Amino acid sequence: YSNFIDDLRVYVRGGTGGMGYPNLGGEGGRGGDVWFVARERTTLKSIREKYPQKRFVGGTGANSSVKALKGEKGKDCEVHVPLGISVLDDDGKQIGELNAAGERFLAARGGLGGSLATNFLPCKGQRRTVHLDLKLIADIGLVGFPNAGKSSLLSKISHAKPEIANYAFTTIQPELGKIMYADYKQISVADLPGLIEGAHANKGMGHKFLKHVERTKQLLFVVDISGFQLSIKTHFRTAFETILLLTKELELYKEELVTKPALLAVNKMDLPCAKDNLDELMTQLENPQDFLHLLEEEMIPANTLEFREVIPVSTYTGEGIEELKTCLRKSIDEQAEQVNAEYRKKKLQLLQTSK
């Protein structure tokens, strides 16, 4: 999975408390805590390089003394982590989440200092092993089979410079690009490693790809208008069948993914017969139920996606690229307005019930 790291296992331990002072009833200082703090421009790879031991320990609390009956608290340990981190315990249960810069999560609490309650003996801090699981946060997630032209599309619509080649698996790590608009609005787009049939069962890049889709606001399906075949051993799939299979993979991994707003970019419109294939695809998308028989029963998704927009594009000639950028902007703005309207409605309801 190249140099990209999206999961890191670390050991955290809160500091031990300070000794109490029995003769004068003095209390030792509490041990320092271990905090995860979300910071931009931070990666799990940089954490691993900076702290190869992957151990984070809070400072020890100061002992109580004649000069200071109440000992000082031990120094807190702050670990800067990227945005989009889920904190999981060793059993895989999520215990915290950090999505915005500045958000903090208490990973390990420091132990109490010695006092009358503890017979003036200090307590040890909390200790555990946790997993930092990264899911990329982006406005748009590109979804498509290998060789659909996702990397080329990302390079056309944004400032990202992903590796592009004429073999199937070009993208082996997520690429993040930003679309810049004339009014300085920015939309982030994540090109995620190509899905293959069976990705939900962790074939190919499986879950490593699919988990990143969870944090995107909307999906942009990218399909090759001439169809797709991974190898001579696999079936040839038309553009319509490709859409159904992609939908099925998302649905089997996590059903909520299919409820996200979605757009469709039909790529490689510069190829011969592309226009006829597009007409056929549009007919199939208008009445998908009439064409489900084209696929094996176990590969048919429970719900067929309704795309907000279908945009024919060619990353080779540049056809449709500007229209696609406009459609993405419109779709993101509409979603933001919808979220704001719902928020205002909830606020109003709370005010009315409080009155």
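Here is what the cut-offs are and how they apply
Residues numbered from 1 in each chain as written. Predicted model: local features only at pLDDT ≥ 70, side-chain atom pairs only at ≥ 80, totals over all residues. Heavy atoms only, no water. Axes fitted to C-alpha atoms, helices over the stretch in contact; angles between N-to-C directions. Helix = DSSP H or I, 4+ residues; strand = E, 2+ residues; numbered from the N terminus. Parallel < 35°, antiparallel > 145°, perpendicular 65-115°, else oblique. Contact = heavy atoms within 4.5 Å. Nonpolar A, V, L, I, M, F, W, Y, C, P; charged D, E, K, R; others polar. Buried < 20%, exposed > 50% of the residue type's maximum accessible area, 1.4 Å probe, protein only. Domains from an automatic or database assignment. Pairing = 2+ DSSP bridges. Salt bridge = Lys/Arg side-chain N within 4 Å of Asp/Glu carboxyl O. Core = buried A, V, L, I, M, F, W, Y, C linked by side-chain atoms within 4.5 Å.

Q: Where do I start with the packing of helix α2 (residues 150-157) against helix α6 (residues 321-354) in this structure?
A: Helix packing geometry: the angle between the two helix axes and the distance between the axes. Relative to each other, α2 and α6 sit at 80 degrees, their axes nearing to 10 Å. For the element pair α2 / α6, the angle class is roughly perpendicular. Here α2 contributes Leu-153, Lys-156 and Ile-157 to the contact with α6, which in turn contributes Ile-321, Leu-324, Lys-325 and Leu-328. Residues belonging to the contact of α2 with α6 are distributed by class as follows: five nonpolar, no polar and two charged.

Q: Teacher, can you tell me more about the environment of Tyr-11 here?
A: As for its placement among the helices and strands, Tyr-11 is situated in strand β1 (residues 7-13). You can call Tyr-11 buried: its relative accessible area is 19%. In this structure the C-alpha to C-alpha distance between Tyr-11 and Asn-303, which are 292 residues apart in sequence, comes to 42 Å.

Q: Explain the domain arrangement of the chain to me, please; I cannot follow it from the model alone.
A: Bring the parts together and some accessible area is lost; that lost area is often taken as the interface size. With domains assigned, the chain is organised as domain 1 (7-134) and domain 2 (138-339). The gap between the C-alpha centroids of domain 1 and domain 2 is 43 Å.

Q: I keep staring at the sheet that holds strand β4 (residues 77-81) and nothing clicks. Help me out?
A: Consider a sheet: its strands pair through backbone hydrogen bonds, and that pairing is either parallel or antiparallel. Overall, mixed pairing links the three strands, which are arranged β4-β2-β7 in an open sheet. For this open sheet the edge positions go to β4 and β7 (104-108), each flanked by a neighbour on one side alone. Shown here is a sheet whose adjacent strand axes are inclined to one another by a mean of 30 degrees, direction ignored. Pairing analysis gives four bridges linking strand β2 (residues 34-38) to β7, with the strands arranged antiparallel. Residue Val-37 lies in a different strand from β7, and its bridge partner there is Arg-104.

Q: Any chance you could explain the pattern of salt bridges here in plain terms?
A: Between side chains of opposite charge, a pair can form as their charged atoms come close. With the rule as written, the count across this model stands at 22 salt bridges. Two residues, Glu-97 and Arg-215, come together in a salt bridge whose shortest N-O distance is 3.0 Å. Of this pair, Glu-97 sits in strand β6 (residues 94-98) while Arg-215 is found in the loop between α3 (206-213) and β12 (218-224), placing the two residues 118 residues apart along the sequence. Salt-bridge contacts for Arg-344 lead to Glu-337; the nearest nitrogen and oxygen are separated by 3.1 Å. Its relative accessible area of 43% is what places Glu-337 among the partly exposed residues. Ionic contacts of the salt-bridge type, sharing partners, join the residues Arg-30, Asp-33, Lys-73 and Asp-76 into one network.

Q: Sorry, what's going on with the nonpolar core here?
A: In summary, soluble globular proteins display a tendency toward joint burial of nonpolar side chains. Counting 57 residues, the largest nonpolar core has Phe-36, Leu-132, Phe-221 and Leu-250 as the members making the most contacts within it. If you tally residues by element for this core, the top one is helix α4 (residues 239-253), at eight residues. Viewed by domain, this core spans two of them, domain 1 (7-134) and domain 2 (138-339), each represented by three or more residues. With near-sequence residues (within four places) excluded, Leu-132 lies in contact with Asp-6, Asp-7, Leu-8, Val-10, Phe-36, Leu-44, Val-81, Ile-85, Ser-86 and Val-87. Ala-148, Leu-263, Ile-311 and Leu-324 belong to the second largest nonpolar core, which has 21 residues in total.

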